[in-house]
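# Examination of the molecular architecture
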Number of protein chains: 4
Amino acid sequence: MDDTTKKGPKKRERRKEARPDEIIAAAIELWKVRGFAATRLEDVAIGAGVAKGTIYRYFSSKEALFEAAVEARIVRSVDQANQSADLFEGTTEEALLTFFEKVRREMVEGGSFIFLKVLLSEGHRFPELVERYEATVLRRGFDAVRRLLLRGVARGELKSEAAEFDPRLVMAPAMMLSLWGTVFPGVGAPDARQLHKQNVALLLGSLGVE
Amino acid sequence: MDDTTKKGPKKRERRKEARPDEIIAAAIELWKVRGFAATRLEDVAIGAGVAKGTIYRYFSSKEALFEAAVEARIVRSVDQANQSADLFEGTTEEALLTFFEKVRREMVEGGSFIFLKVLLSEGHRFPELVERYEATVLRRGFDAVRRLLLRGVARGELKSEAAEFDPRLVMAPAMMLSLWGTVFPGVGAPDARQLHKQNVALLLGSLGVE
Amino acid sequence: MDDTTKKGPKKRERRKEARPDEIIAAAIELWKVRGFAATRLEDVAIGAGVAKGTIYRYFSSKEALFEAAVEARIVRSVDQANQSADLFEGTTEEALLTFFEKVRREMVEGGSFIFLKVLLSEGHRFPELVERYEATVLRRGFDAVRRLLLRGVARGELKSEAAEFDPRLVMAPAMMLSLWGTVFPGVGAPDARQLHKQNVALLLGSLGVE
Amino acid sequence: MDDTTKKGPKKRERRKEARPDEIIAAAIELWKVRGFAATRLEDVAIGAGVAKGTIYRYFSSKEALFEAAVEARIVRSVDQANQSADLFEGTTEEALLTFFEKVRREMVEGGSFIFLKVLLSEGHRFPELVERYEATVLRRGFDAVRRLLLRGVARGELKSEAAEFDPRLVMAPAMMLSLWGTVFPGVGAPDARQLHKQNVALLLGSLGVE
DNA sequence: CATGAATGAGTGTTCATTCAT
DNA sequence: GATGAATGAACACTCATTCAT
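Residues numbered from 1 in each chain as written. Chains lettered and ligands numbered in written order. Predicted model: local features only at pLDDT ≥ 70, side-chain atom pairs only at ≥ 80, totals over all residues. Heavy atoms only, no water.

### Looking at the protein's contact with DNA strand E
- In the region of DNA strand E, 31 residues are neighbours, and Thr-54 of chain A together with Arg-19, Ala-51, Thr-54 and Tyr-58 of chain D sit closest.
- Of what DNA strand E places within 4 Å of the protein, 70% of the atoms are sugar or phosphate.
- Contact distances for DNA strand E include 2.9 Å between a phosphate oxygen and a backbone N or O atom of Lys-62 of chain B.
- At the level of elements, α1 (9-34) and α3 (52-58) of chain A, α4 (52-58) of chain B, α3 (52-58) of chain C together with α4 (52-58) of chain D are the ones that each hand at least two residues to the surface near DNA strand E.
- When the residues that make up the surface near DNA strand E are grouped by side-chain class, the tally is ten nonpolar, seven polar and 14 charged. (Near = heavy atom within 4 Å. Polar contact = N/O pair within 3.5 Å; in protein donor to acceptor, adjacent residues only side chain to side chain. Helix = DSSP H or I, 4+ residues; strand = E, 2+ residues; numbered from the N terminus. Nonpolar A, V, L, I, M, F, W, Y, C, P; charged D, E, K, R; others polar.)

### Here we look at the relation of the copies chain A and chain B
- Taken as rigid bodies, chain A and chain B are interconverted by a rotation of 179° and an axial shift of 0.0 Å, the fit giving an RMSD of 0.2 Å. Within this description, the copies of the chain are treated as partners about a two-fold rotation axis. Closest to the rotation axis within chain A is the C-alpha of Ser-206 of chain A, separated from it by 2.2 Å.
- Most of the interface of chain A is mirrored in chain B: 98% of its interface residues are interface residues there too. (Least-squares fit on C-alpha atoms with pLDDT ≥ 70 in both. Contact = heavy atoms within 4.5 Å.)

### A word on the pattern of salt bridges
- Per the stated rule, a full pass over the model turns up 64 salt bridges over all chains.
- Across the pair Arg-125 of chain B and Glu-63 of chain B runs a salt bridge, and its minimum N-O distance is 2.9 Å. Placement of the pair is Arg-125 of chain B in the loop between α7 (113-122) and α8 (127-154) and Glu-63 of chain B in helix α5 (residues 62-86), with a sequence separation of 62 residues.
- Linking Lys-32 of chain D and Glu-29 of chain D is a salt bridge whose minimum nitrogen-to-oxygen distance equals 3.2 Å. Taken together, the residues span about one helical turn, with Lys-32 of chain D and Glu-29 of chain D both in helix α2 (residues 18-34) at a distance of three residues.
- Members of the salt-bridge network, linked through shared partners, are Glu-101, Arg-104, Arg-105, Glu-109 and Arg-193 of chain A. (Salt bridge = Lys/Arg side-chain N within 4 Å of Asp/Glu carboxyl O.)

### What to know about the relation of the copies chain D and chain C
- Once chain D has been moved 0.0 Å along the axis and rotated by 179°, it coincides with chain C to within an RMSD of 0.2 Å.
- Here 95% of the contact residues of chain D are again contact residues in chain C; the copies associate through an equivalent surface.

### What about the packing of helix α5 (residues 92-109) of chain A against helix α9 (residues 192-207) of chain A?
Residues and elements named next belong to chain A.
- With their axes 10 Å apart at the nearest point, α5 and α9 run at an angle of 140° to one another. Here α5 lies oblique to α9, going by the angle between them. In this structure, α5 crosses over α9, and the sense of that crossing is right-handed. Counted together, Glu-93, Leu-96, Leu-97, Phe-100, Glu-101 and Arg-104 of α5 and Ala-192, Arg-193, His-196, Lys-197, Asn-199, Val-200, Leu-203 and Leu-204 of α9 form the full contact between these two elements.
- When grouped by side-chain class, the residues that make up the contact of α5 with α9 number seven nonpolar, two polar and five charged. (Axes fitted to C-alpha atoms, helices over the stretch in contact; angles between N-to-C directions. Parallel < 35°, antiparallel > 145°, perpendicular 65-115°, else oblique. Left-handed = near helix turned anticlockwise from the far one by under 90°.)

### A few points about the environment of Ala-48 of chain B
- Structurally, the position occupied by Ala-48 of chain B is in helix α3 (residues 41-48).
- Non-local contacts of Ala-48 of chain B, meaning those with residues more than four positions away in its chain, are made with Glu-22, Ile-23 and Ala-26 of chain B.

Structure follows, in structure tokens:
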């Protein structure tokens with residue numbers, strides 16, 4: 001017990017700092033398959049290779065762990081979205097398609113869908129988090145889309161009225177399809193790319209120049 | 001034992017037959033505000049003005065109550081959707097707008113959003129119900145939309161390619177906006193009608209003739 | 001409901017009087033297979049072809065029903081036992097064998113084993129009934145055996161010391177075997193008659209003259 | 001993770017290892033007086049000086065606790081019985097008397113009667129346990145008796161036909177008397193030793209040489 | 001700091017008993 | 001009297017959280 005301090009103190013330090021992330025990663029992995037409510041903190045502990053009590057050293061409660069997980073992933077999500085929208089070089093058509101694909105990948109493969117699900121069904125328990133998610137994920141996502149539309153107008157690819165188009169309508173299909181796909185096997189999942197293309201075509205058909 | 005086929009045995013039972021519906025109504029009302037998991041069966045009982053045990057006379061478990069509630073509401077939802085699509089007399093533009101409004105009203109005001117939420121976050125506990133919901137609500141909703149698009153083509157209001165357009169893309173925004181609106185105050189709720197109009201404009205702009 | 005008073009008032013009266021017995025019979029039949037605690041009063045009602053509430057017209061509680069069942073069967077048991085012992089004409093050997101067989105039949109086929117089982121495991125709930133059962137079933141059974149032994153001495157078939165032999169030792173094997181047989185498939189049931197014979201041989205071998 | 005194989009990890013656990021036994025002991029003590037069904041798990045917890053939840057750390061259900069209790073006591077019972085039969089040095093008369101006394105002590109004072117009672121009245125809920133009890137307690141008890149009879153024949157104390165005598169008939173009185181004694185105050189308990197003597201006399205009178 | 005045994009409030013479910021019809 | 005819908009006390013079991021080691 002006390003003999004472990006001999007070898008390398010850095011080693012332990014390093015692991016210690018990684019702990020919260022490992023716990024969050026394990027938690028998300030379990031939440032993805034079992035859902036938030038049905039996943040016991042003990043399972044998270046086992047999944048992260050730590051003891052139950054250890055989780056409480058880093059997160060004051062199950063909800064706090066969830067909030068921390070959202071925070072940890074939100075940064076990535078937002079950055080991804082912004083990169084797609086702002087640093088993209090290609091046509092608006094490609095940009096939109098890439099954006100939809102990013103949303104899908106982040107939601108489905110990255111597991112972010114679990115955050116949205118929990119907030120949708122148990123949002124009442126996380127009032128601040130709901131606000132924060134709305135402001136940081138949704139609003140920023142919408143803003144990214146808006147900038148993308150404006151860029152399209154600026155590039156002469158979209159009609160000027162596209163600047164007024166509500167970004168929520170652009171994002172909704174990609175998100176709804178991702179959510180459906182995680183529960184309803186026959187709806188949304190397999191041909192996601194095809195649907196995204198059709199959605200882009202729809203947008204360009206209506207908002208595109210000529 | 002076999003003598004029960006007398007005159008009118010329904011008389012006395014008719015009043016009692018309302019009980020299950022009252023319980024379901026009370027349950028949905030509570031689920032809407034507190035969510036499914038956070039609503040105790042005792043609260044449902046109080047809400048319905050009965051004792052806890054009474055619920056078990058009609059529903060064998062909390063999950064069975066949920067399934068019964070879905071069944072009870074599904075019929076209405078599907079009928080609504082079909083009416084919108086099939087019996088509608090006006091233009092496709094009006095038909096789409098009406099359809100979106102029906103979806104929104106059913107989801108938000110009718111409270112059907114709670115079913116979707118629960119299935120999204122706890123679908124694992126209701127495998128058959130997930131299938132049933134997908135087949136009865138989602139698939140039929142998509143079919144109604146498809147028929148609506150075909151009707152538009154037949155009426156010469158939509159390009160022939162509209163017949164191939166994926167109905168999921170038409171429904172997704174209306175559903176996603178409804179879901180968002182129940183949790184994120186600033187997203188989706190207040191100006192729903194405006195968004196639906198813009199969505200219809202988008203569809204017609206791309207799929208409409210001329 | 002009110003139209004049934006037309007036909008024969010005697011018919012209903014007669015059935016009314018039979019009700020308690022029918023209920024008791026149905027109860028015992030269920031207790032035999034499911035046990036006392038695991039049998040719901042509703043099952044008894046269904047088995048007896050009456051409504052749950054009707055049981056309470058005749059028996060004030062589940063325990064009262066049990067007590068009444070014991071009383072109803074006790075009379076028969078005791079009479080059977082007394083007949084075996086007192087009215088028997090044959091040898092003591094035959095008398096003992098007949099007696100053991102009566103005990104077994106009453107216990108196993110008649111279902112009396114359920115009374116003993118309940119009193120053994122839940123006797124605390126029925127203090128007066130325990131006393132009554134002890135006095136009416138056990139003690140009288142012992143007395144019947146004692147008289148049987150005395151008769152054997154008088155007939156010159158048993159040594160005089162048999163008059164002092166404790167009847168409990170005579171009865172115990174027959175009862176224990178019956179109890180075992182109702183739960184442990186391999187112990188006691190199939191070859192009961194053979195065991196009774198061996199038990200009689202044992203008794204006569206030790207207590208028999210010559 | 002794999003470093004747990006250090007010096008003495010048993011030290012800390014040894015104290016905790018007593019918990020299951022303490023819980024079993026408390027449970028049996030309560031079952032003896034109140035019966036199995038009527039004893040709430042919370043009472044067991046209080047009796048063992050732990051919280052309700054602690055019981056579930058060691059036993060997955062009330063029934064599992066019962067099964068564990070049977071297992072824990074079965075070993076002792078069987079060992080006792082075997083010792084009596086095999087390692088005994090004295091005459092068959094003494095051996096039988098000692099054996100009966102062991103049975104009685106184990107059943108009445110050791111509290112094993114509660115296992116038999118529960119299995120008799122609620123055996124349906126424990127099908128495997130019934131089998132196990134039959135095979136481990138009853139059958140082995142019978143075998144011990146059989147060996148005891150064979151030993152008596154070998155020692156020239158019993159007639160050769162004693163080898164064929166059914167051990168169930170030897171055990172039944174001791175067990176039945178123990179069971180009776182736990183419920184019916186006037187039957188069996190006080191003069192148990194006297195009855196055992198008479199039973200031995202009966203057996204030797206019939207099966208004994210000369 | 002890490003551990004995991006211990007805690008106990010909370011809830012779904014059962015079922016004997018009551019009582020309006 | 002009979003019915004069976006309604007009641008509500010009782011209890012097994014779960015799991016987030018705490019804390020002695």
